[in-house]
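# Analysis of the macromolecular model
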Amino acid sequence: MAEALIRVAGRRGLHAVGMRDVAAEAGVSLRLVQYYFETKEKLLFYGLQHLTDRFTARVAARLRAAGTDPGPRATTEALLLASLPTDEEGRTFHLLYTSYSILSVTDETLAAQPFIDKPDAAENALTGLLEQAQASGLADPGIAARMEAISLLAMTATMGTSILVGQRGPESALAVLHHHLDRIFLTAEASVRSADVG
């Protein structure tokens, strides 16, 4: 049923989805959906948890594709790229996650629930990766790791929206992301110089 919710919401928008739509998409009775979820808000919250699980799996798949020991830059890139709507899965994730964010502010029932279990998880993970890169001589030692992590996440979220509305294409967004990662992470040559100085 969660998959049915995501499919319908991806086509029509989260605000337009009702229990009847989810039941029809899942091929089950409306009564069954009501039995499991009782209210539309509970169904939406379950859908958000399912969406988060799918995102985690998407990041893991990108990390596996990067190799057995991808290093902090490739791991950072995998984490950030997973949320960009550069394919259908990414488009659905970004659209629904943004919709949930807005609904959790304006809908009193959703606002009463925690929007996500660990709201700082991505920020903490990214900060840790940047600190690891600095300690290994792979990133600029002068950067403030947490501030850069916050900036990268905010920039990626905004670029995702700009892709959705057609302001820029995925290639442009990737170029901007690589520009900022090139500023933070050192090239192999610069990394050697940094290690020599240390």
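All of these numbers come straight from a predicted model, not from anything done at the bench.

A few words on the overall build of the chain. Within the chain, the regular secondary structure consists of 11 helices and 0 strands. For the chain, the N- to C-terminal ordering of α and β elements is α-α-α-α-α-α-α-α-α-α-α. A total of 198 residues make up the chain; the buried ones form 38% of that total. Contacts in the chain between residues at least 24 apart in sequence constitute 62% of all its contacts with a sequence separation of at least 6.

What follows is about the pattern of salt bridges. As enumerated under the stated definition, the model contains 11 salt bridges in all. Close ionic contact of Glu 25 with Arg 7 constitutes a salt bridge, the shortest N to O distance being 2.9 Å. Of the two residues, Glu 25 sits in helix α2 (residues 19-26) while Arg 7 sits in helix α1 (residues 2-12), which places them 18 residues apart along the sequence. Under the relative-accessibility criterion, Arg 7 is labelled partly exposed at 39%. A salt bridge links Arg 183 to Glu 148; the shortest N-O distance between them is 3.1 Å. With Arg 183 in helix α10 (residues 170-184) and Glu 148 in helix α9 (residues 145-164), this pair connects stretches of sequence that are 35 residues apart.

A cluster of nonpolar side chains, namely Leu 32, Tyr 35 and Tyr 36, defines an oily patch on the protein surface of about 370 Å² accessible area. Relative to the helices and strands, Leu 32 is located in helix α3 (residues 30-37). By relative accessible area, which is 32% here, Leu 32 ends up partly exposed.

Here the focus is the confidence of the model for the chain. Looking at the chain, pLDDT values average 84 and 89% of them are 70 or higher. Segment residues 188-198 is flagged for pLDDT under 50; beyond a separation of four residues in sequence, or across chains, it makes 4 contacts in the model.

Next up on the list: helix α8 (residues 121-135). Look at α8: 21 Å from first C-alpha to last across 15 residues, which is about the 21 Å you get at 1.5 Å a residue. Taken as a whole, α8 has its buried residues at Glu 123, Leu 126, Thr 127, Leu 129, Leu 130 and Ala 133. Seen along its axis, α8 keeps its buried residues to an arc of 160°; they face one direction. Taken together, the buried residues of α8 touch α5 (71-81), α9 and α10. Immediately beyond the C-terminal end of α8, within one or two residues, lies Gly 137, with a positive phi of roughly 75°.

Quick look at unusual backbone geometry now. A positive phi is found at Glu 38, a non-glycine position, where the angle reads about 65°. Assignment of secondary structure puts Glu 38 in the loop between α3 and α4 (40-65).

Turning to α10, a few remarks are in order. Counting along an α-helix, one turn takes 3.6 residues, and residues three or four places apart therefore face a common direction. The end-to-end C-alpha distance of α10, which contains 15 residues, comes to 21 Å, matching closely the 21 Å that a straight helix rising 1.5 Å per residue would cover. Taken residue by residue, α10 has Ala 173, Leu 177, Leu 181 and Ile 184 as its buried positions. Down the axis of α10, the buried side of the element spans an arc of 70°, and every buried residue falls inside it. Away from its buried face by more than 90 degrees, α10 exposes Glu 171 and His 179.

Let's shift gears to the packing of α1 against helix α6 (residues 88-106). The N-to-C vectors of α1 and α6 enclose an angle of 90°; their axes lie 10 Å apart at closest approach. As far as their axial angle goes, α6 and α1 are roughly perpendicular. Contacts from Leu 5, Ile 6, Ala 9 and Gly 10 of α1 reach α6 at Arg 91, Thr 92, Leu 95, Leu 96 and Tyr 100. Among the residues making up the contact of α1 with α6, the classes are represented as 6 nonpolar, 2 polar and 1 charged.

Calculation notes
Residues numbered from 1 in each chain as written. Predicted model: local features only at pLDDT ≥ 70, side-chain atom pairs only at ≥ 80, totals over all residues. Heavy atoms only, no water. Helix = DSSP H or I, 4+ residues; strand = E, 2+ residues; numbered from the N terminus. Buried < 20%, exposed > 50% of the residue type's maximum accessible area, 1.4 Å probe, protein only. Contact = heavy atoms within 4.5 Å. Salt bridge = Lys/Arg side-chain N within 4 Å of Asp/Glu carboxyl O. Patch = residues over 30% accessible without salt bridge, like charges linked within 9 Å, V, L, I, M, F, W, Y side chains within 5 Å. Areas by Shrake-Rupley, 256 points an atom, 1.4 Å probe, with all protein chains shown as cover. pLDDT = per-residue confidence, 0-100. Expected span 1.5 Å × (residues − 1). Arc of directions from axis to C-beta. Axes fitted to C-alpha atoms, helices over the stretch in contact; angles between N-to-C directions. Parallel < 35°, antiparallel > 145°, perpendicular 65-115°, else oblique. Nonpolar A, V, L, I, M, F, W, Y, C, P; charged D, E, K, R; others polar.

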